[in-house]
Amino acid sequence: MRKPLMVMGAAVMAAISFAAPAQATVNSVDRPFSMAYGNSTTSGTIHFTDGYSASVSGVVHAASGSRMVCAWGENGNVTTSAICSPWAYAGGPNQSFSGSLQIALSGGVQRVYIAMYDENITPRAEEVCTRTSCTRLY
């Protein structure tokens, strides 16, 4: 009777030690991004963590009118709130922006979208970035 209990106890302990919580990803990655609309530009870095989040930091420059850049994360049909820059105005200083995006699902933040808007809040340029690349959408 003792031997089966000891074997069962060892099996339970082994199962507990292997049942660690799943992480979103295996490693962290820094992905640079840059995009232009005419002579207005934005550039920065997305840091995909080894957990469920990604942090975004960048700068926006307005060559004409005013420009704002927003970034948001996605995993399947789950989307984060957006991180937006202050408005950059032509002839004014570049505007910095940064923030963290988090999705508590397996895989964490899988894609980060970055969009540049004009003074009418019309999107003028957009790209999507993953851990491996960034692709211009328009």
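Described below are features of the structure shown in this document. Treat the numbers as computed from the prediction; the structure is a model and nothing was measured.

1. A closer look at the overall build of the protein chain
Alright, step 1. The number of helices and strands found in the protein chain is 1 helix and 11 strands.
Alright, step 2. The linear arrangement of helices and strands in the protein chain, starting from the amino end, is α-β-β-β-β-β-β-β-β-β-β-β.
Alright, step 3. For the protein chain, the proportion of its 138 residues judged to be buried stands at 37%.
Alright, step 4. Restricting to contacts in the protein chain with at least 6 residues of sequence separation, those with at least 24 account for 55%.
Alright, step 5. Approximately 7800 Å² of the protein chain is accessible, and the part contributed by carbon and sulfur atoms is 57%.

2. Some points on the state of the cysteines
Alright, step 1. Taken as a whole and judged by the stated rule, the model has 2 disulfides.
Alright, step 2. With its sulfur 2.1 Å from that of its partner, Cys 129 forms a disulfide with Cys 134. Between Cys 129 and Cys 134 the disulfide shows an S-S torsion of about 110°. By sign, it is right-handed.

3. Concerning the pairing of strand E2 (residues 40–48)
Alright, step 1. Along E2, the buried face is formed by Ser 40, Thr 42, Gly 44, Ile 46 and Phe 48; none of Thr 41, Ser 43, Thr 45 and His 47, which line the opposite face, is buried.
Alright, step 2. The turn joining strand E1 (residues 29–37) and E2, which pair antiparallel and follow one another in sequence, is formed by 2 residues; a positive phi near 65° is taken by Gly 38.
Alright, step 3. Taken together, E2 and the strand that follows it, strand E3 (residues 53–61), pair antiparallel across an intervening segment of 4 residues.

4. Details of the packing of aromatic side chains
Alright, step 1. This structure, assessed with the given rule, holds 1 aromatic pair.
Alright, step 2. Seen in terms of ring centroids, Trp 72 and Tyr 113 are 5.8 Å apart; in terms of plane orientation they differ by 10°. Their pairing is stacked. Here the residue Trp 72 occupies a position in strand E4 (residues 66–75), and Tyr 113 occupies one in strand E9 (residues 111–117), the gap between them amounting to 41 residues. In terms of burial, Trp 72 and Tyr 113 fall into one category: buried.

5. Side note on the side chain of Glu 74
Alright, step 1. With respect to the element layout, Glu 74 can be found in strand E4.
Alright, step 2. Overall, Glu 74 belongs to the buried group, its relative accessible area being 17%.
Alright, step 3. A polar contact is formed between the side chain of Glu 74 and the side chain of Tyr 113, at a distance of 3.3 Å.
Alright, step 4. What Glu 74 contacts, discounting residues up to four positions off in sequence, is Thr 79, Ile 103, Val 109, Gln 110, Arg 111 and Tyr 113.

6. Here we look at the pattern of salt bridges
Alright, step 1. Tallied over the full model, the rule gives 3 salt bridges.
Alright, step 2. Salt-bridge contacts for Glu 119 lead to Arg 67; the nearest nitrogen and oxygen are separated by 3.5 Å. With Glu 119 in the loop between E9 and strand E10 (123–129) and Arg 67 in strand E4, the pair connects residues that are 52 residues apart, well separated along the chain.
Alright, step 3. We classify Arg 67 as buried; its relative accessible area is 6%.
Alright, step 4. Among the salt bridges present, the one from Asp 118 reaches Arg 124, with a minimum N-O distance of 2.9 Å.
Alright, step 5. Judged by its relative accessible area of 30%, Arg 124 falls in the partly exposed class.

7. Structural notes on the environment of Val 69
Alright, step 1. Mapping Val 69 onto the fold places it in strand E4.
Alright, step 2. The class for Val 69 is buried, based on a relative accessible area of 0%.
Alright, step 3. Sequence separation between Val 69 and Cys 84 is 15 residues; the distance between their C-alpha atoms is 5.6 Å.
Alright, step 4. Once residues within four sequence positions are removed from consideration, Val 69 is found in contact with Thr 42, Val 60, Ile 83, Cys 84, Ser 85, Phe 97, Ile 114, Ala 115 and Met 116.

Parameters at a glance
Residues numbered from 1 in each chain as written. Predicted model: local features only at pLDDT ≥ 70, side-chain atom pairs only at ≥ 80, totals over all residues. Heavy atoms only, no water. Helix = DSSP H or I, 4+ residues; strand = E, 2+ residues; numbered from the N terminus. Buried < 20%, exposed > 50% of the residue type's maximum accessible area, 1.4 Å probe, protein only. Contact = heavy atoms within 4.5 Å. Areas by Shrake-Rupley, 256 points an atom, 1.4 Å probe, with all protein chains shown as cover. Disulfide = S-S within 2.5 Å. Pairing = 2+ DSSP bridges. Phe/Tyr/Trp six-rings, centres within 6.5 Å; stacked < 30°, edge-to-face > 60°. Polar contact = N/O pair within 3.5 Å; in protein donor to acceptor, adjacent residues only side chain to side chain. Salt bridge = Lys/Arg side-chain N within 4 Å of Asp/Glu carboxyl O.

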